[in-house]
Number of protein chains: 2
Amino acid sequence: MFSPLIENLIQALRCLPGVGPKSAQRMAMHLLERDREAAAQLAERLTLAIEKVGHCSKCRTMTEAETCALCDNPNRDASVLCVVETPADVLAIEQAGNFHGRYFVLLGHLSPIDGVGPGDLGIDLLMSRLDSEPVEELIIATNPTVEGEATAQFIAERARGKGVKVSRIAHGVPIGGELEYIDGGTLAHAFSSRQVI
Amino acid sequence: MFSPLIENLIQALRCLPGVGPKSAQRMAMHLLERDREAAAQLAERLTLAIEKVGHCSKCRTMTEAETCALCDNPNRDASVLCVVETPADVLAIEQAGNFHGRYFVLLGHLSPIDGVGPGDLGIDLLMSRLDSEPVEELIIATNPTVEGEATAQFIAERARGKGVKVSRIAHGVPIGGELEYIDGGTLAHAFSSRQVI
Ligand SMILES: [Zn+2]
Ligand SMILES: [Zn+2]
């Protein structure tokens, strides 16, 4: 019942997480009927972000700069480094608000079946940070999934060789869940009850 | 905590109906981390739709063609014409599924305070359709708001002069509500219990 260009737009909007067919229709109608200026700005900002946003050369989170604002912030505690799987996990931990150290983002987890090895996760870069920075504790906050646990064990073994205290966030996060969707309270609890491994 | 280009993208995503700050963050992360191809396609389709989609020359709904698929469909009953405020209302009525006539979309309602008069709503075009097409009944399905009612009364008076039966959908739709958000069952009921006015 929609013309092809509107139908195509509705389909494209469904790439957004949490947007089903009805929401996508409503969004397309809203943009085209009432707010073409905002729609044009969205298109422009999407294009610019896709083109320019890469990864921080220190922690690998997403940024268009050489290094990100968290790495550049001199008030962050350089003695604690937290390893996470994705930039969205950094966001979740920042929103929980009780961690004040620095981050390292793996951009994934070890997954031999998908051909993802230590090289893809920047683990050499992580080890070189343990050599060159005054890191005393490495907190591993990969997801509590099979792959996240295997990744945590792999990193823990490599890091112990550097004489760094290695810890894992507590299993307050439900097993099989995804870190980025956990509420701040649970995440804060998981951080405070972390165990040396 | 986000870099400027990511922050700008998050702000732009908030133009979508029903998208708050947390959803916008999640959407931006998802697009940039996992699906840049889909993000690029969304940007492209937004741009194309904004540029090409206009209004049907017969019913004023949104389409990039001269006339829309509903107007072009020979199986729709030309003896019944339904007047709505927006293209989203056409969608809602089509989804209710019990109306098989044709449409006319006002693209608004009479609103002297906003300077919206009969000329802005294409009422002359609507009247010319009553002259040139075999319309027997005009169903007015403007929203049950003060402006929607005033618009309905205005159109009813003009149309009665053409010897056309004029009806108003029943008030099964909650007063003050917006037609596009009503469930199909309520809308179907409102259509079947319409009253001659
Ligand atoms: Zn960084
Ligand atoms: Zn049409």
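In this text the structure is predicted, and so the values were computed from the model without any measurement. (Residues numbered from 1 in each chain as written. Chains lettered and ligands numbered in written order. Predicted model: local features only at pLDDT ≥ 70, side-chain atom pairs only at ≥ 80, totals over all residues. Heavy atoms only, no water.)

1. Looking at the packing of helix α6 (residues 123-132) of chain A against helix α7 (residues 146-160) of chain A
Axis angle and axis distance: for two packed helices, these are the angle between their axes and the distance between the axes, and together they describe the pair. Residues and elements named next belong to chain A. Orientation of α6 relative to α7, taken along the N-to-C sense of each, is 35 degrees, at an axis distance of 11 Å. Judged by the sense of rotation from one axis to the other, the crossing of α6 with α7 is right-handed. Along the contact surface, α6 presents I123, D124, L126, M127 and L130, while α7 presents F154, I155, R158 and A159. Looking at the contact of α6 with α7 residue by residue, the classes come out as seven nonpolar, no polar and two charged. (Axes fitted to C-alpha atoms, helices over the stretch in contact; angles between N-to-C directions. Helix = DSSP H or I, 4+ residues; strand = E, 2+ residues; numbered from the N terminus. Left-handed = near helix turned anticlockwise from the far one by under 90°. Contact = heavy atoms within 4.5 Å. Nonpolar A, V, L, I, M, F, W, Y, C, P; charged D, E, K, R; others polar.)

2. What about the interface of chain A and chain B?
Tallying the contact residues gives 52 residues for chain A and 52 residues for chain B. Interface area lost by chain A to chain B is led by M1, L5 and M62 of chain A, which between them contribute 13%. Scanning the region where chain A abuts chain B turns up 15 residue pairs in polar contact (both at pLDDT 80 or more). Where the side of chain A that touches chain B is concerned, the elements lending two or more residues are α1 (4-13), α2 (21-34), α3 (36-52), β2 (62-63) and α5 (87-96) of chain A. Among the elements that take part in the side of chain A that touches chain B, α3 of chain A stands out by supplying 13 residues, more than any other. When the residues that make up the side of chain A that touches chain B are grouped by side-chain class, the tally is 33 nonpolar, nine polar and ten charged. (Buried area = accessible area lost by both parts, 1.4 Å probe. Polar contact = N/O pair within 3.5 Å; in protein donor to acceptor, adjacent residues only side chain to side chain.)

3. Here's the deal with the packing of α1 of chain A against α2 of chain A
All names here are of chain A. At their nearest, the axes of α1 and α2 sit 8 Å apart, and the two run at 125 degrees to each other. Our classification of the angle between α1 and α2 gives oblique. As for the relative orientation of α1 and α2, their crossing is right-handed in sense. Residues I6, L9, I10 and L13 of α1 form the contact with α2, whose own contacting residues are A24, Q25, M27, A28, M29 and L32. Classifying every residue of the contact of α1 with α2 by side-chain character gives nine nonpolar, one polar and no charged. (Parallel < 35°, antiparallel > 145°, perpendicular 65-115°, else oblique.)

4. As for the coordination of the zinc ion (ligand 1)
Residues and elements named next belong to chain A. Bound to the zinc ion (ligand 1) are the protein donor atoms C56 (SG), C59 (SG), C68 (SG) and C71 (SG), situated 2.3 to 2.4 Å from the metal. Geometry at the zinc ion (ligand 1) is tetrahedral, judged from the four donor atoms that bind it and their angles of 105 to 120 degrees at the metal. Taken in chain order, the donor set of the zinc ion (ligand 1) reads C-x2-C-x8-C-x2-C. Placement of the pair is C56 in the loop between β1 (54-55) and β2 and C71 in helix α4 (residues 69-72), with a sequence separation of 15 residues. (Donors = N, O, S within 2.8 Å, 3.2 Å for Na, K, Ca; no water. Tetrahedral: all angles 85-135°; square planar, octahedral: opposite > 155°, others 65-115°.)

5. Considerations on unusual backbone geometry
In the Ramachandran plot, R60 of chain B falls in the positive-phi region, its phi being about 70 degrees despite a non-glycine side chain. Here the phi dihedral of L107 of chain B falls at roughly 60 degrees; this positive angle occurs in a residue that is not glycine.

6. A few points about the packing of aromatic side chains
Under the definition given, this model contains two aromatic pairs over all chains. When the centroid spacing of 5.2 Å and the interplanar angle of 65 degrees are considered together, the rings of F99 of chain B and Y103 of chain B count as edge-to-face. (Phe/Tyr/Trp six-rings, centres within 6.5 Å; stacked < 30°, edge-to-face > 60°.)

7. Side note on the relation of the copies chain A and chain B
Overlay of chain A on chain B (RMSD 0.0 Å): rotation 180 degrees, translation along the axis 0.0 Å. Such a turn and shift between the copies fits a two-fold axis. Considering only C-alpha atoms, the part of chain A nearest the rotation axis is A43 of chain A, at 2.1 Å. Both copies present the same face, since 100% of the interface residues in chain A are matched by interface residues at the equivalent positions in chain B. (Least-squares fit on C-alpha atoms with pLDDT ≥ 70 in both.)

8. Description of the domain arrangement of chain A
Once the domains are mapped, chain A shows domain 1 (4-52) and domain 2 (75-168). Inter-centroid distance (C-alpha atoms) of domain 1 of chain A to domain 2 of chain A is 35 Å. (Domains from an automatic or database assignment.)

9. Points about the nonpolar core
Counting residues in each nonpolar core, the largest one holds 53 residues, and the members touching the most others are L13, L16 and L42 of chain A together with L13, L16 and L42 of chain B. Looking at this core, the elements that each hand over two or more residues are α1, α2, α3 and α5 of chain A together with α1 (4-13), α2 (21-34), α3 (36-52) and α5 (87-96) of chain B. If we ignore the near neighbours within four places in the chain, the residues touching L42 of chain A are L9, A12, L13, C15, L16 and L46 of chain B. (Core = buried A, V, L, I, M, F, W, Y, C linked by side-chain atoms within 4.5 Å. Buried < 20%, exposed > 50% of the residue type's maximum accessible area, 1.4 Å probe, protein only.)

10. Looking at the coordination of the zinc ion (ligand 2)
Angles between donor atoms at a metal ideally measure 109.5 degrees for a four-coordinate tetrahedral arrangement and either 90 or 180 degrees for a six-coordinate octahedral one. Residues and elements named next belong to chain B. At this site the zinc ion (ligand 2) is bound by C56 (SG), C59 (SG), C68 (SG) and C71 (SG), with donor distances of 2.3 to 2.4 Å. Bound by four donor atoms, the zinc ion (ligand 2) shows angles of 104 to 120 degrees at the metal and therefore tetrahedral coordination geometry. Written as a sequence motif, the donor residues of the zinc ion (ligand 2) are C-x2-C-x8-C-x2-C. Like C68, C59 is buried.

11. A closer look at the UniProt feature "zinc finger region: C4-type" (unreviewed entry) in chain A
The residues that UniProt annotates with the feature "zinc finger region: C4-type" (unreviewed entry) are residues 56-71 of chain A. Helix makes up 19% of residues 56-71 of chain A and strand 12%. Its end C-alpha atoms lie 8 Å apart. (UniProt positions renumbered as here; feature names shortened; annotations may be inferred.)

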